[in-house]
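# Per-entry structural report
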Amino acid sequence: GFLFTNATSCPLALFLLDCQNVNMSKDYYKILEVEKSASQDEVKRAFRKLAHKFHPDKKDGDEQKFKDVNEAYQILGDDKKRKTYDQYGSTAFENGGAGAGGFSGFDPRQGFGGGGVEFNMEDLGDMFGSMFGFGGGGGRQKKGRDIQVDVHLDFLEAIHGVTREVQLYKPSACSSCDGKGAEKGTEMETCDTCMGSGRVANAQRTVFGTVQVQSACTACSGQGKKPKSPCKACDGSGIKREEQKLQVQIPAGVDSDNVLTVRGQGEAVGPGGVPGDLHVRIRVRSHAEFHRDGHDIRSTARLPFSMLVLGGSVSVDTVDGKGDLKIPAGTDSGTIFKLRGKGVPVLNGRGRGDQYVTVQPIVTKAPNRETKKLIEQLRDEGM
């Protein structure tokens, strides 16, 4: 949260108080550049966009427009106030009317004396954090960095799925202390920096006045406790860069550039945090005989000329092994046959594609004398 320690001189705090007597001659929807039917998500996005655009610290900022945008969002960003605004207009917010009152995050009990005014407004917190670098999400849990690795598969491995071992060298939870940072069998003690709260407050000067920003205590990583006897293997950090081997199950049907995410297998950040994720990017090698076309497989079968003329059954290669293909008599070269269900499995789904086989005749480059006579005879008969 934010604590304005000098609220009477803080432009934003004074502005929030002035909003109790809002000048409703202003069209809040127009100020935020949204339609009256806009959803709350659309209102929030418009507010963030315009607040960044008009912020006084920016080169082309506009303080008055910045205040107008904030004023509009205080009404339209609250379902109850927005409903009152739509129904009754300006009178509802003038002179303490039905829609008046402190805004979200404002606690009038704090007063303006020495206590200050505390704001717990997520949207303004995020915005201030990006502008001033102190972050509006101090209460969020730390997360380790994600890792990406490439895994190369043969064509048929991608079709059928496979288990692959991935070797990683990364910050991991220390195996000696299970990531706790304390020697096994020793106790934890209350952190004397944050007195067990897990949080510390720091004063930051901004254009809005002096702001107290709460953040996780770095001495105990926000846990409120720290090791009485730090782990010798990791110096109490709870993390250690180690080599790990991870078995990754690659599902059937993956293709090049597919990315599989393994949760919690990224870099560790020690006590109080959660590890990042491992992203496995798939690279599939080409195949000499099969070509993938979405969920279908395309291939070519070269058959004796007599088979195309007389017809019959022939064994052809599929991704599952050999399969039977029936050739009708008088089949033309280039005819495509479909083997149903012999294609690629649908990734994380049900069913498979098909295999399409294009037939081509085998042409003998140097036929013997008898074969040549037979072919000449067929030619003379118009075949």
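Every chain begins its residue count from 1, and numbering advances along the sequence as written. With the structure being a predicted model, the display of local features is reserved for residues of pLDDT at least 70 and the display and counting of side-chain atom pairs for 80 or more, all residues being used for whole-chain, interface and lining totals. Think of the side-chain values as coming from all heavy atoms in the structure, minus any hydrogens and water.

## Some words on the overall build of the protein chain
A run of H or I in DSSP becomes a helix once it reaches four residues, and a run of E becomes a strand once it reaches two; helices and strands are each numbered from the N terminus. When helices and strands are counted, the protein chain shows nine helices and 19 strands. Exposure categories follow from relative accessible area, calculated using a 1.4 Å probe and restricted to protein chains: below 20% of the type maximum is buried, above 50% is exposed, and the middle band is partly exposed. Taken over 383 residues, the protein chain has a buried fraction of 36%. The contact criterion used throughout is that any non-hydrogen atoms of two residues lie within 4.5 Å. Taking the contacts inside the protein chain whose residues are at least 6 apart along the sequence as the reference set, 64% of them involve residues at least 24 apart. Under the convention used here, a 1.4 Å probe and the Shrake-Rupley method define accessible areas, while residue burial counts only the protein chains that appear. Counting every atom, the protein chain has about 22100 Å² of accessible surface; 46% of that belongs to carbon and sulfur.

## A closer look at the confidence of the model for the protein chain
For the protein chain, the mean per-residue pLDDT works out to 79, and 78% of the residues sit at or above 70. Every residue is assigned a pLDDT by the predictor, reflecting its confidence on a scale from 0 to 100. Here residues 95-123 scores under 50 on pLDDT; set against residues more than four positions off or in separate chains, the count is 62 contacts. Across residues 130-139, confidence stays below pLDDT 50; counting only partners more than four residues off in sequence or on other chains, it has 29 contacts.

## Side note on the nonpolar core
In this description, a nonpolar core means a group of buried Ala, Val, Leu, Ile, Met, Phe, Trp, Tyr and Cys residues linked to one another through side-chain atoms lying within 4.5 Å. In terms of nonpolar packing, the biggest core is built from 18 residues, with L32 and L76 touching the most fellow members. Of all the secondary structure elements, the ones that give two or more residues to this core are α2 (28-32), α3 (40-54) and α4 (63-76). Those residues in contact with L32 that sit more than four places away from it in its chain are V43, A46, F47, L50, V69, A72, Y73 and L76. Formed by 16 residues, the second largest nonpolar core is a distinct cluster that contains V149, V162, L168 and I282.

## Description of the pattern of salt bridges
Basic side-chain nitrogens of Lys or Arg form a salt bridge, by our definition, when they fall within 4 Å of a carboxyl oxygen of Asp or Glu. Under the defined criterion, the tally for this structure stands at 16 salt bridges. K184 serves as the salt-bridge partner of D178, at 4.0 Å between the closest nitrogen and oxygen. Residue K184 is classed as exposed on the basis of its relative accessible area of 57%. Several salt bridges share partner residues, and in doing so they unite D150, D257, R281 and R283 into one network.

## Focus: the sheet that holds strand β4 (residues 147-153)
Strands pair, by our definition, only if DSSP identifies at least two bridges between them. What the three strands build is an open sheet, ordered β4-β13-β11; its pairing is mixed. Two strands lie at the open edges of the sheet, namely β4 and β11 (259-262), each paired on one side alone. Averaged over all adjacent pairs, the angle separating strand axes in this sheet is 25 degrees, with direction ignored. Bridge analysis of β4 against strand β13 (residues 278-284) gives seven bridges, and the strand direction is parallel. Bridge pairing in β13 links I147 to L278. Only the stretch in contact is used when a helix axis is fitted, and all axes are lines through C-alpha atoms; the angle between N-to-C directions ranges over 0 to 180 degrees.

## Concerning α4
Its 14 residues give α4 an end-to-end C-alpha distance of 20 Å, which sits within 8% of 20 Å, the value for a rise of 1.5 Å per residue. For α4, the buried fraction is high: 10 of the 14 residues fall into the buried class. For α4, the complete set of buried residues consists of F66, D68, V69, N70, E71, A72, Y73, Q74, I75 and L76. Under the rule applied, a polar contact is a pair of N or O atoms within 3.5 Å (in protein, one hydrogen donor and one hydrogen acceptor; residues adjacent in sequence only if both atoms are side-chain atoms). Between a side-chain oxygen at the N-terminus of α4 and the backbone nitrogen of Q64 the separation is 3.1 Å; the capping residue is D62. Helix span, expected: 1.5 Å multiplied by one less than the number of residues in the helix.

## Notes on the packing of aromatic side chains
Stacked, tilted and edge-to-face are the three classes applied to pairs of Phe, Tyr and Trp rings, where Trp contributes its six-membered ring and a pair requires centres within 6.5 Å; stacked means planes under 30 degrees apart, edge-to-face means over 60, and tilted covers the rest. Considering all chains together, one arrives at two aromatic pairs under this definition. Pairing F47 with Y73 gives two aromatic rings, centres 4.1 Å apart and planes at 5 degrees, and the pair type is stacked. One end of the pair, F47, is in helix α3; the other, Y73, is in helix α4, with 26 residues separating them in the sequence. Aromatic side chains F155 and F290 sit 6.5 Å apart centroid to centroid with 20 degrees between the ring planes, which places their arrangement in the stacked category. Of this pair, F155 sits in helix α7 (residues 155-160) while F290 sits in the loop between β13 and β14 (291-293), and the two are 135 residues apart along the sequence.

## Description of the packing of α3 against α4
What describes two packed helices is the angle between their axes and the distance between those same axes. Running from N to C, α3 and α4 cross one another at 165 degrees; their axes reach a closest spacing of 9 Å. One finds that α3 runs roughly antiparallel with respect to α4. As α3 runs across α4, the sense of the crossing is left-handed. Seen from α3, the contacting residues are Q40, V43, K44, F47, L50, A51 and F54; seen from α4, they are E63, K65, F66, V69, N70, Y73 and L76. Note on residue categories: nonpolar means Ala, Val, Leu, Ile, Met, Phe, Trp, Tyr, Cys or Pro, charged means Asp, Glu, Lys or Arg, and polar means any other residue, Gly included. Class assignment of the residues belonging to the contact of α3 with α4 gives a composition of nine nonpolar, two polar and three charged. Comment on the angle field: the value is read as roughly parallel under 35 degrees, roughly antiparallel over 145, roughly perpendicular from 65 to 115, and oblique elsewhere. Should the near helix be turned anticlockwise from the far one by less than a right angle, the crossing is termed left-handed; should it be turned clockwise, right-handed.

## Observations regarding the sheet that holds β14
By way of backbone hydrogen bonds, the strands of a sheet pair with one another, either parallel or antiparallel. Spatially, four strands are ordered β14-β15-β19-β18 in an open sheet, and the strand pairing comes out mixed. Whereas interior strands pair on both sides, the edge strands pair on one side only; in this sheet they are β14 and β18 (336-339). Neighbour-to-neighbour, the strand axes of the sheet open up by a mean angle of 30 degrees, direction not taken into account. Relative to strand β19 (residues 355-361), β18 is paired through four bridges, and the arrangement is antiparallel. Paired with F337 across the bridge in β19 is V357.

## Some points on unusual backbone geometry
Here the phi dihedral of D235 falls at roughly 60 degrees; this positive angle occurs in a residue that is not glycine. Relative to the helices and strands, D235 resides in the loop between β9 (225-227) and β10 (239-250). A positive phi is found at D257, a non-glycine position, where the angle reads about 75 degrees. Here D257 lies in the loop between β10 and β11.

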